[in-house]
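Each chain, written out:
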Amino acid sequence: MFDVIIDFPKMKVGVVTRDEHVVEIRYLPPSVAAKAAGSPLAATAADQLERYRGNPDTRFDFPVLVEGSSLQRAVWDAMCAIPRGSTRTYGDIARDLGADARAVGQACGGNRLPIIIPCHRVVAADGIGGFSHATGGYLLEAKRWLLAHEAPAFELRP
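Residues numbered from 1 in each chain as written. Predicted model: local features only at pLDDT ≥ 70, side-chain atom pairs only at ≥ 80, totals over all residues. Heavy atoms only, no water.

Side note on empty space enclosed by the protein
Tallied over the full model, the rule gives one cavity of 30 Å³ or more. In this structure, the largest cavity encloses a volume near 40 Å³. Around the largest cavity, the lining residues are Val23, Leu65, Val66, Glu67, Trp76, Asn111, Arg112, Leu113 and Ile117. Tallied by class, residues from the lining of the largest cavity come to six nonpolar, one polar and two charged. (1 Å grid on protein atoms, 1.4 Å probe; cavity = no way out; pocket = protein on both sides within 12 Å on 5 of 7 lines; lining within 4 Å. Points joined across faces, edges and corners; volume = space filled by probe spheres on them. Nonpolar A, V, L, I, M, F, W, Y, C, P; charged D, E, K, R; others polar.)

Thoughts on unusual backbone geometry
A positive phi angle, near 80°, is found at Ile115, a position not held by glycine. Position of Ile115 relative to the elements: it lies in the loop between helix H4 (101-109) and strand S5 (122-123). Assessed through its relative accessible area of 5%, Ile115 is described here as buried. Here the phi dihedral of His133 falls at roughly 65°; this positive angle occurs in a residue that is not glycine. The exposed category is assigned to His133, whose relative accessible area is 52%. (Helix = DSSP H or I, 4+ residues; strand = E, 2+ residues; numbered from the N terminus. Buried < 20%, exposed > 50% of the residue type's maximum accessible area, 1.4 Å probe, protein only.)

Comments concerning the packing of helix H1 (residues 40-54) against helix H5 (residues 138-150)
Between H1 and H5, the least distance of the axes is 9 Å, while the angle of their chain directions is 70°. The angle between H1 and H5 places the two elements in the roughly perpendicular class. Of the residues in H5, those touching H1 at Tyr52, Arg53 and Gly54 are Trp145, Leu146, His149 and Glu150. In the contact of H1 with H5, the residues fall into three nonpolar, two polar and two charged. (Axes fitted to C-alpha atoms, helices over the stretch in contact; angles between N-to-C directions. Parallel < 35°, antiparallel > 145°, perpendicular 65-115°, else oblique. Contact = heavy atoms within 4.5 Å.)

Section: the pattern of salt bridges
In the structure shown here, the tally under the stated rule is 10 salt bridges. The shortest N-O distance in the salt bridge between Glu150 and Arg121 comes to 2.8 Å. Placement of Glu150 in helix H5 and of Arg121 in the loop between H4 and S5 is noted, with a sequence separation of 29 residues between them. Relative accessible area serves as the criterion here: at 2%, Glu150 is assigned to the buried category. A relative accessible area of 10% means that Arg121 is categorised as buried. Where Arg144 meets Glu141, a salt bridge forms, and the shortest distance between an N and an O atom there is 3.0 Å. On the criterion of helical spacing, the pair formed by Arg144 and Glu141 is a turn pair, its members being three residues apart in helix H5. Residue class for Glu141 comes out partly exposed when judged on its relative accessible area of 35%. Among the charged side chains, a salt-bridge network with shared partners connects Arg18, Glu67 and Arg112. (Salt bridge = Lys/Arg side-chain N within 4 Å of Asp/Glu carboxyl O.)

Side note on the pairing of strand S1 (residues 4-8)
By the criterion of burial, S1 is predominantly enclosed, with four of the five residues buried. Sheet analysis places S1 next to strand S2 (residues 11-18), joined by five bridges and oriented antiparallel. Paired with Ile6 across the two strands is Val13, which belongs to S2. In this structure, the hairpin formed by S1 and S2 is closed by a connection of two residues, where Lys10 is found at a positive phi of approximately 75°. (Pairing = 2+ DSSP bridges.)

This is the structure:
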C-alpha cells in the first residue's frame, strides 16, 4: 500500500503516490518496518520528509493531490496559514469559517497530507486535543513531537 515508509521519532511515516502525485501521508506505529522507496516520486517525498525531520523549515515541492469537501479544504487552508511554532484551536478556526468546532476536528482528522498540511498545529482550547481521530497512544506522542520539533529555538543568554 505504501510506496515508502520512513523512520520518525515516535512513529513511522508512510507515503502513498498515484499518477505522479503524493496522495497520502500517514502516521504509522513505530513498530512498522521501514520500506525503501518504490518509485522516483516516493524517493523525492522521502528525501524531503527526512530533511523536515532534521529541519522544520524544510520546504516541500513534490506534487500533491488534495481531495476533499469545500469545508475540509477551507480548514486545510486555515491550517496551512498557521506559522511554524504556533498553534490555533479548533474553535478559532471554526469561528473564522463560520463552522462547528467538531466539523473542524473531523476535517483535521481527515487530512490525508499531514506535515504538508500541518494539522498538528491545531489544538483544543484546554490542551493538545486529539490527533488523526485518536485521543491517545503513539499518535498523540507524534503530535507532541511535531509541535516540539517546530517550536521556535530559544536563545540562551548568560
